[in-house]
Amino acid sequence: MMPDDSDMTSIVQRIARQALVTFRSPPRVGEDAGKSFLENQSKLKSLMTEVRAADLKLVPRRADDSSPGGVLPAVPYHHGAPPVTYMHICETDQFSMGVFLLKSGASIPLHDHPGMHGVLKVMYGKVRISCFDRLERPAGGTQAAPPLPAAQLGALRRSVLRSTGEYTEESGPCVLSPDRDNLHQIDAVDGPTAFMDILAPPYDPDDGRDCHYYRVLTDAEGKDPEHKEQKEKEVWLMEISQPPDFWCGGEPYPGPEVSL
């Protein structure tokens, strides 16, 4: 009996093929997802739930590992070394796929994905993901804008914290859409971590899909930061430049080749 194609094809290849089908014509901002898209997205999520670090030939790194992907326990990450690195797997006009590796104590700051869908699956370690939505409301809503110089008011975005959760390799994928959970912050928890990431379509500043960074303004600067953990809490975000303590390096992808 001949094995079927799925037995001979790596799960990474199958994920890429499914991503290509899923995001061939995704719903745009403000559009309801059709039945076909939802069915294909469900298949993609199922495949992403199955994938493990070993499938990508990733070796989990330790907080005391002195290799390029490890760190010394006394500091979050070595001075001069990137806190986050990226392994590129593949990219088409429809989507990009790769792996982000966060060193112990590292974060990917709060950022957006304009007009984009995304699927994130932890390969090893643990991440905390805080997801926000932009609220497009006219001025004079329930929450007054914080007192800021006029020059900064244009950088304010009314938003809502939808969820904060921790994910491990045993968790299902975290999913975002152009309208839901589109802004998020990702923090490494209790050591190094890695996650597989699909973005559709890829970032492209020339096509209006540039990455913007934000910081949360509490009701009063200095208020208990745990306050923002409350679900569905309206907050103000201020667009900022890329934080100076965050930058992303590159690493070779060691896993199975993907052909599309």
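A few points on the structure. (Residues numbered from 1 in each chain as written. Predicted model: local features only at pLDDT ≥ 70, side-chain atom pairs only at ≥ 80, totals over all residues. Heavy atoms only, no water.)

**Quick notes on unusual backbone geometry**
In this model, Ala 200 is joined to Pro 201 through a cis peptide bond whose omega is -10°. Assignment of secondary structure puts Pro 201 in the loop between β7 (183–200) and β8 (213–217). A positive phi angle, close to 55°, is found at Asp 181, a residue other than glycine. Within the secondary structure, Asp 181 is located in the loop between β6 (174–176) and β7. (Helix = DSSP H or I, 4+ residues; strand = E, 2+ residues; numbered from the N terminus.)

**Thoughts on the side chain of Ser 171**
Position of Ser 171 relative to the elements: it lies in the loop between β5 (156–167) and β6. For Ser 171, the residues in contact, after removing those within four places along its chain, are Lys 121 and Glu 166. (Contact = heavy atoms within 4.5 Å.)

**Section: the pattern of salt bridges**
For the structure shown, the criterion picks out eight salt bridges. Salt-bridge contacts for Glu 166 lead to Arg 128; the nearest nitrogen and oxygen are separated by 3.1 Å. In this pair, Glu 166 sits in strand β5 while Arg 128 sits in strand β4 (residues 117–134), placing the two residues 38 residues apart along the sequence. On the accessibility criterion, Glu 166 (43% relative accessible area) is partly exposed. In this structure, Asp 207 engages Arg 209 in a salt bridge whose closest nitrogen and oxygen atoms are separated by 2.8 Å. On the basis of relative accessibility, which here comes to 12%, the residue Arg 209 falls in the buried class. Through salt bridges that share partners, Lys 126, Arg 128 and Glu 166 make up one connected network. (Salt bridge = Lys/Arg side-chain N within 4 Å of Asp/Glu carboxyl O. Buried < 20%, exposed > 50% of the residue type's maximum accessible area, 1.4 Å probe, protein only.)

**Quick word on the nonpolar core**
The biggest cluster of nonpolar side chains holds 31 residues, and the ones touching the most others in it are Ile 15, Leu 56, Ile 89, Phe 95, Met 97, Met 196 and Ile 198. Counting 17 residues, the second-largest nonpolar core is a separate cluster that includes Ala 106, Val 122, Ala 188 and Tyr 213. (Core = buried A, V, L, I, M, F, W, Y, C linked by side-chain atoms within 4.5 Å.)

**A few points about helix α2 (residues 11–22)**
The end-to-end C-alpha separation of α2 is 16 Å, in line with the 16 Å expected for twelve residues at 1.5 Å each. Most of α2 is tucked away, with nine of its twelve residues classed as buried. What α2 keeps buried is the set Ile 11, Val 12, Gln 13, Ile 15, Ala 16, Gln 18, Ala 19, Leu 20 and Thr 22. Packed against the buried residues of α2 are α3 (35–50), β1 (84–91), β2 (96–102) and β7. (Expected span 1.5 Å × (residues − 1).)

**A word on the pairing of β2**
For β2, the buried fraction is high: seven of the seven residues fall into the buried class. Neither face of β2 is exposed, since Ser 96, Gly 98, Phe 100 and Leu 102 on one face and Met 97, Val 99 and Leu 101 on the opposite face are all buried. Remark: four residues form the turn of the hairpin made by β1 and β2, two consecutive strands paired antiparallel. As paired elements, β2 and β7 share seven bridges and run antiparallel to each other. Bridge pairing links Val 99 to Met 196 in β7. (Pairing = 2+ DSSP bridges.)

**Some words on the packing of aromatic side chains**
Counted under the stated rule, the structure contains four aromatic pairs. Here a set of aromatic residues connected by ring pairs shows up, and it is made of Tyr 86, Phe 100 and Phe 195. (Phe/Tyr/Trp six-rings, centres within 6.5 Å; stacked < 30°, edge-to-face > 60°.)

**Observations regarding the packing of α2 against α3**
The geometry of α2 relative to α3 is characterised by a closest axis approach of 9 Å and an angle of 160° between their N-to-C directions. Regarding the angle of α2 to α3, the classification is roughly antiparallel. In the packing of α2 onto α3, the handedness of the crossing is left-handed. Between α2 and α3, the contacting residues are Ile 11, Arg 14, Ile 15, Gln 18, Ala 19, Val 21 and Thr 22 on the first element and Phe 37, Asn 40, Gln 41, Lys 43, Leu 44, Leu 47, Met 48 and Glu 50 on the second. Of the residues in the contact of α2 with α3, the class split is eight nonpolar, four polar and three charged. (Axes fitted to C-alpha atoms, helices over the stretch in contact; angles between N-to-C directions. Parallel < 35°, antiparallel > 145°, perpendicular 65-115°, else oblique. Left-handed = near helix turned anticlockwise from the far one by under 90°. Nonpolar A, V, L, I, M, F, W, Y, C, P; charged D, E, K, R; others polar.)

**Quick look at the side chain of Glu 251**
Here Glu 251 is to be found in strand β10 (residues 248–251). In terms of polar contacts, Glu 251 uses its side chain to reach the side chain of Arg 61, at 2.9 Å. Side-chain polar atoms of Glu 251 contact the side chain of Thr 85, separated by 2.7 Å. If we skip the residues at most four places from it in the chain, Glu 251 touches Arg 61, Thr 85, Tyr 86, Met 87, His 88 and Leu 101. (Polar contact = N/O pair within 3.5 Å; in protein donor to acceptor, adjacent residues only side chain to side chain.)

Function-wise, these values are silent; they only describe arrangement.
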